[in-house]
Structures are given as structure tokens and as C-alpha cells.
Amino acid sequence: MIRDSRQQDQIILEGGLDFETPGASLTPGRMIACQNYVLGLNQGYSSMPGYERHDGRPEPHKRSGDLAIDRRNAIQPVPGSGPVRGVHIHNGYLYAVRNTEDGTGARIFRAISTGWQDIGLPMLPNGRMQFVSHNFAGNTFGFMAFVDGVNPLRIIHFTSATGGYYEPIQGLDDPTPPVAVAANNNILYVATERGSLYYSLAGQPGNFRGDLGAGEIAVGGKITGLAPLVGGALCIQMQNQISVLYGSSEADLQKKDLRLHDDKSGAIAFSSLSYNDLYFLGDRGITSLSATQSFGSFQSGAFSKGITPFIQSRKPYFTCAVAALDRNQLRWVFNSPATQLQGSEVITATFSGNKLAGFTRQVLGFKATCAASGEMRTGEPAVFMGSTDGWVYRMDVGTSFDGLPIQAYFMTAFANSRQPGRKKAFKQATINVQSDGPVPIKAKPVFDFGASDVMAHRVEAIDVIGGATNFDEANWDSFTWSAPHLNEAHVEIRGRGQNLAMLISSTSADAKPHSISDILVTYTLGGLRL
């Protein structure tokens with residue numbers, strides 16, 4: 001009787017990127033490289049959806065073929081010159097800011113069914129716009145306040161979805177243009193870079209008169225951002241420190257209960273995002289600020305474990321951040337000067353419930369300058385990014401990067417099947433793929449931490465619609481996965497080593513996103529490596 005000596009090791013794909021843990025200690029299902037894959041909402045790694053240009057006209061991804069191309073060609077950049085300087089969603093409409101064509105001013109535009117519409121507010125140029133929407137007075141359409149470090153505070157009091165008037169600003173006499181704005185406890189806060197924090201009367205966002213109960217608090221540092229916290233407190237972020245302001249009414253705020261939280265690390269402007277807790281980019285990488293069991297207290301924690309070296313190397317090139325809450329994701333965007341990158345790098349944190357599931361990396365085809373998320377008039381969640389050349393893109397839609405193919409890959413950590421010192425003859429990898437249609441996928445095994453003395457393994461053209469796949473020493477090529485549900489692609493391997501990693505790749509402009517949940521590796525054991 002012939003004894004079957006084959007063994008199997010299942011690699012569950014989870015945890016995302018890890019650049020810090022030594023290779024031999026990494027969980028096999030982690031990533032050691034990633035581009036344009038994200039963590040799935042349930043399990044595994046999923047190729048990211050696409051994005052497309054947007055100006056309010058009919059969206060290309062809702063059509064196919066020539067109709068989609070015609071729609072894409074009709075869409076225009078924001079009128080003006082230079083980068084997009086801010087985007088925001090209010091009452092289901094997208095707003096964008098850009099300098100005028102001659103660069104002497106700036107304008108705000110609304111995206112409507114015929115394209116960009118100037119809302120008629122002349123401003124000074126070159127600001128970095130921050131918006132906040134809030135319903136201060138209990139009306140149906142709310143208020144939209146915005147600051148940019150160049151112009152004074154402006155507030156639009158909406159009386160319909162798109163119409164309204166500019167709220168008069170009273171008592172805010174500081175000539176320094178505000179750089180940050182936040183709404184908390186029905187009070188509007190604005191801050192100047194030099195360290196002055198102003199708060200309005202409750203329910204009256206334009207009224208900063210001190211004789212009526214509004215006021216000013218000097219915070220003692222260069223303010224970079226404001227963010228509401230659990231329990232009604234307000235996080236005041238500065239260049240080199242973090243403070244927390246307590247109080248939910250004018251009477252409370254008169255006490256000026258400002259407490260220093262961290263005097264060793266601050267926060268970078270525009271980097272704060274909320275997902276139950278507050279997350280921001282600072283000296284320690286990405287940091288979390290969460291409430292403790294002690295009422296009214298908060299604690300900081302390092303959040304970017306596993307990718308901190310990467311974050312620290314990209315931090316000087318940070319540009320914007322955005323939450324995609326319908327996908328349980330927070331995203332930080334960097335414009336690295338690396339010549340091989342034509343677009344922005346994005347680090348995405350995906351959550352499972354309230355717990356971090358992991359980080360992944362995406363590379364866009366444009367350089368982003370600003371971002372916003374919210375809900376459109378249809379009730380759909382939406383994420384938008386403005387670019388350096390004046391375009392606005394809607395993210396997470398379609399199957400392409402504005403008509404171009406999405407190039408995606410990830411590489412797993414090296415798996416030694418819990419026997420690090422034993423040689424193995426690897427026979428087969430069974431890849432579990434889930435998709436709604438045909439997907440071109442490439443796969444390549446890498447042995448012994450990619451050692452140069454181990455023969456490289458390449459792939460021949462293969463077709464796995466229901467069949468096995470063979471590797472040999474021909475050129476790297478692809479197989480097409482066409483099963484509509486979770487099924488197995490059997491890939492034959494001819495290679496030896498102590499450990500194995502799998503490099504998975506996909507390039508397509510029309511394939512729907514796919515997910516890969518796990519890889520089952522079949523091997524036989526050899527002797528000890530001496």
C-alpha cells in the first residue's frame with residue numbers, strides 16, 4: 001500500500017499589512033506588500049472598486065460601453081486654476097472650491113445635473129477650505145460654515161436644499177482668518193492658527209458677542225484642528241500638544257475647563273477622523289484618542305502598529321483624510337514625491353465592529369488635495385476627492401480608475417507550515433476566489449524569503465474555468481476566474497524551500513471587485529536544512 005506523504009497548510013488571509021514584525025514571526029495570512037486591495041468586510045482580501053470624475057452630470061459607472069465613455073467625456077473639472085482647495089457634501093449636494101482662472105480670487109461651486117454652478121461668493125485665493133454642516137436652529141436644511149485660513153468665517157443658512165442666505169457674523173473681531181471650525185453641543189467653534197478659540201452662542205452660529213455669553217479661550221499653542229469627542233468634550237489639536245475642552249453650554253465654557261492631554265505630540269491639520277474614537281496623524285504615527293471608564297477622561301494609544309515605519313516615512317507628504325463609514329474604513333492620503341508613483345498613496349484602516357481589522361495600501365491615478373464623505377440626495381453614501389489639476393472624483397464606484405485599468409496586487413507573509421527548519425517540496429496552491437464575473441488574476445509563489453539562490457518561479461498562460469493550473473518556468477501570465485460564487489482555483493507548483501509566500505495580482509478596467517479568502521498549500525516534507 002502506497003502511503004500518501006502530502007500535507008496541507010491553510011493560510012487564512014486576514015490582518016492586512018505588517019512591516020514591523022520579523023518575517024519568521026509573521027502570521028502567514030498577513031500582507032508584506034499591497035496595492036489596491038483592501039480587507040473584506042467579512043474575511044479575506046478584496047480588490048478595491050474604482051473611481052470616476054464627477055461634476056453632477058449623469059455618472060459614467062451607471063452605463064457601459066460607448067454610453068459610459070460619452071458620459072465621462074462630458075464631465076468637466078471645477079472651473080478655475082490650480083488645485084481643488086476643498087470639497088464638501090451638504091443636503092446631498094457636492095461643493096468644491098478652486099481659485100479663479102487668473103488666480104486673483106477663489107469661488108465655490110455646486111455640482112448639479114448640468115455641471116458646476118457658481119454659488120456667487122467671491123473670496124481671496126489660496127486657502128485650504130474646511131467645512132462643517134450642522135442643524136443649529138432646528139430647521140430642515142441646516143447651516144454650512146467654512147474657513148480656510150485666508151478668508152473670514154462664512155456661514156450659509158439654508159432655507160431649501162440649495163437656497164439660503166449668508167448668516168451675519170457678530171462679535172468675531174479678530175482680524176486673523178480662522179483655520180479650523182467645528183460644531184459641538186449646538187455651538188460653533190472657530191480657531192485661529194495663533195491659538196485663539198472662539199465659541200458662539202448655543203443655536204446661533206453667527207453670534208460671538210461676549211456680552212451675550214459667547215467667548216474666547218486662549219489655548220497656548222498653534223491650533224491645527226478641532227474635533228468633537230464622546231460626552232460633549234472638544235479635542236483641540238495643536239502642532240505640539242493635544243488639549244481637551246469640557247463644557248456643553250455657554251455657562252460651562254465660561255469656566256474655561258481646558259485640560260492638557262498630551263504635551264509631547266500634536267496632530268497634523270486635516271488628519272482627524274472619527275470612528276467611535278478619534279484618530280489622527282501625529283508624531284507617533286496614527287494615534288487614537290478614546291474615552292476611558294473614568295467619566296470625562298480620555299487616553300491616547302498608538303494605532304498604526306505594524307505600519308508605523310511606513311507612516312513615518314510618508315508623514316511629510318500627508319495631504320488629506322476621509323472616512324468611508326459604509327465600508328468601515330478610515331483613509332489617510334499621501335502625495336509622495338517618489339517618481340514611480342503618478343498618484344496619491346492611501347493607507348486604509350478597516351474595522352470589524354469597533355476593532356481594527358488591519359491596514360492596506362492603495363495607489364490612485366491622480367494626486368489628491370482634499371476629500372469629503374457624506375450622503376447624496378438619493379441616500380447613497382459617497383466619498384469625493386479633489387485633485388491637483390482641478391478634477392473632482394467620486395470614489396468607490398465603477399470598475400476602473402476613470403476609464404483606466406486598476407492594477408492590484410498583494411503578497412502574503414512567508415508560511416513555513418509550523419516547521420521552519422524543514423525543507424518542503426511544494427505541490428499545489430488552492431486559491432479560494434469569490435467574484436460576480438470573470439476576473440483576470442495572476443499568481444506566483446516565492447520561496448525562502450525570496451532568496452537569490454532559489455530558482456524563481458514563473459507562470460505560464462492558464463485557464464482555470466473549472467480546471468487545475470500548472471506552473472513551470474515559462475513567462476508570468478494570468479488565469480481567468482469566472483465562477484460566480486466561492487470556488488477553488490487549483491494551481492500546480494514545482495518548487496522547494498523552507499517557506500512560501502504567494503504573490504497575487506490582477507489588472508482590469510471592467511472586472512467587478514473580487515475577494516480571496518484563503519490559500520490551501522499542499523507540500524511534502526524533506527530533510528532539515530543544515
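The numbers attached to residues start from 1 for each chain and follow its sequence in the written order. Residues qualify for local features only when their pLDDT is at least 70, as the model is predicted, and side-chain atom pairs are given and counted only at 80 or more; totals for whole chains, interfaces and linings, by contrast, use all residues. As a convention, hydrogens and water are excluded, and side-chain values are obtained from all of the structure's heavy atoms.

Student: Before we go on, may I ask you to explain the packing of aromatic side chains in this structure?
Tutor: The description of two aromatic rings rests on the distance between their centres and on the angle between their planes. Between 30 and 60 degrees the pair is tilted, below 30 it is stacked and above 60 it is edge-to-face, where a pair is any two Phe, Tyr or Trp rings, Trp via its six-membered ring, whose centres lie within 6.5 Å. Per the stated rule, a full pass over the model turns up 19 aromatic pairs. For the ring pair phenylalanine 136 and phenylalanine 143, a centre distance of 5.6 Å and an interplane angle of 80° mean the geometry is edge-to-face. Accessibility expressed as a relative area gives 6% for phenylalanine 136, which makes it buried. Relative to phenylalanine 298, the ring of tyrosine 246 has its centre 6.4 Å away and its plane inclined at 40°; by these criteria the two rings are tilted. Taken together, the residues span a long stretch of sequence, with tyrosine 246 in strand β20 (residues 242-246) and phenylalanine 298 in strand β25 (residues 298-302) at a distance of 52 residues. Like phenylalanine 298, tyrosine 246 is buried. A ring is considered to have a charge above it if a Lys NZ or an Arg CZ atom is located within 6 Å of its centre and within 35 degrees of its normal. Geometry around tyrosine 246 places arginine 259 over its ring, the cationic atom sitting 3.9 Å from the centre. Cation over ring: arginine 377 sits above tyrosine 93, and NZ or CZ is 4.0 Å from the ring centre. Exposed residues in this analysis have more than 50% of their type's maximum accessible area, buried residues have under 20%, and partly exposed residues fall in between, with area computed by a 1.4 Å probe over protein chains only. Helix and strand assignments follow DSSP, with helices taken as H or I runs no shorter than four residues and strands as E runs no shorter than two, numbered in order from the N terminus.

Student: Just to check I follow, could you spell out the layout of surface pockets for this structure?
Tutor: Over the atoms, a rolling probe the size of a water molecule traces out where space has been left empty. Grid spacing is 1 Å over the protein atoms alone, the probe is 1.4 Å, and a cavity is where that probe fits but cannot get out, while a pocket is an open set with protein on both sides within 12 Å along at least five of seven lines and lining residues have an atom within 4 Å of a point. Grid points are joined across faces, edges and corners, and a volume is the space filled by probe spheres set on the points. For the largest pocket, the calculated volume is near 1,000 Å³. What lines the largest pocket is a set of 37 residues, among which His88, Gln130, Phe131, Ser272 and Leu273 lie closest to the centre. Put simply, Ala, Val, Leu, Ile, Met, Phe, Trp, Tyr, Cys and Pro go in the nonpolar bin, Asp, Glu, Lys and Arg in the charged bin, and everything else, Gly too, in the polar bin. Of the residues in the lining of the largest pocket, the class split is 25 nonpolar, 11 polar and one charged. There is about 630 Å³ of room inside the second largest pocket.

Student: What should I look at first to understand the nonpolar core in this one?
Tutor: One recurring pattern in soluble globular proteins is that nonpolar side chains are buried together. In this description, a nonpolar core means a group of buried Ala, Val, Leu, Ile, Met, Phe, Trp, Tyr and Cys residues linked to one another through side-chain atoms lying within 4.5 Å. Within the largest apolar cluster, 48 residues are counted, with the highest numbers of intra-cluster contacts made by Tyr37, Trp332 and Ile504. Any two residues whose heavy atoms approach within 4.5 Å are treated as being in contact. Non-local contacts of tryptophan 332, meaning those with residues more than four positions away in its chain, are made with Ser271, Leu273, Tyr279, Ile286, Phe303, Phe318, Cys320, Ala321, Glu345, Val346, Ile347 and Ala349. One finds Tyr51, Cys320, Phe366 and Phe401 within the second-largest nonpolar core, a separate group that totals 20 residues.

Student: Just to check I follow, could you spell out the sheet that holds strand β18 (residues 223-228) for this structure?
Tutor: Pairing between sheet strands relies on hydrogen bonds along the backbone, with the strands arranged either parallel or antiparallel. If you walk across this open sheet you meet the four strands as β18-β19-β20-β21, and the pairing is antiparallel. In the strand order of this sheet, the two ends are held by β18 and β21 (257-262), each with one partner. Across the sheet, the mean angle from the axis of one strand to that of its neighbour is 25°, orientation sign disregarded. Here, strands pair whenever DSSP counts at least two bridges between them. Only the stretch in contact is used when a helix axis is fitted, and all axes are lines through C-alpha atoms; the angle between N-to-C directions ranges over 0 to 180 degrees.

Student: Would you take a moment to explain the pairing of strand β12 (residues 154-158) for this structure?
Tutor: The side chains of a regular strand alternate, residue by residue, between the two faces of the sheet. For β12, the buried fraction is high: four of the five residues fall into the buried class. One ladder, built from four bridges, connects strand β11 (residues 143-147) with β12; its direction is antiparallel. By the bridge assignment, alanine 145 is partnered in β12 with isoleucine 155. Counting the residues that bridge the hairpin from β11 to β12 gives six residues, and of these glycine 149 lies at a positive phi of roughly 75°. Hairpin remark: β12 followed by strand β13 (residues 164-166), antiparallel, with five residues in the connecting loop.

Student: So what exactly am I meant to see when it comes to the environment of threonine 100 here?
Tutor: The residue threonine 100 is located in the loop between β7 (93-99) and β8 (106-112) in this model. Residues threonine 100 and threonine 162, spaced 62 residues apart in sequence, show a C-alpha to C-alpha distance of 22 Å. Not counting residues within four places of it along the chain, the set of residues in contact with threonine 100 comprises Gly80, Ser81, Gly105, Ala106 and Arg107. Each polar contact in these results corresponds to two N or O atoms within 3.5 Å; when the atoms are within protein, one needs to be able to donate a hydrogen and the other to accept it, and residues that are neighboring in sequence are counted only if both atoms are side-chain atoms. A polar contact is formed between the side chain of threonine 100 and the backbone nitrogen of threonine 104, at a distance of 3.4 Å.

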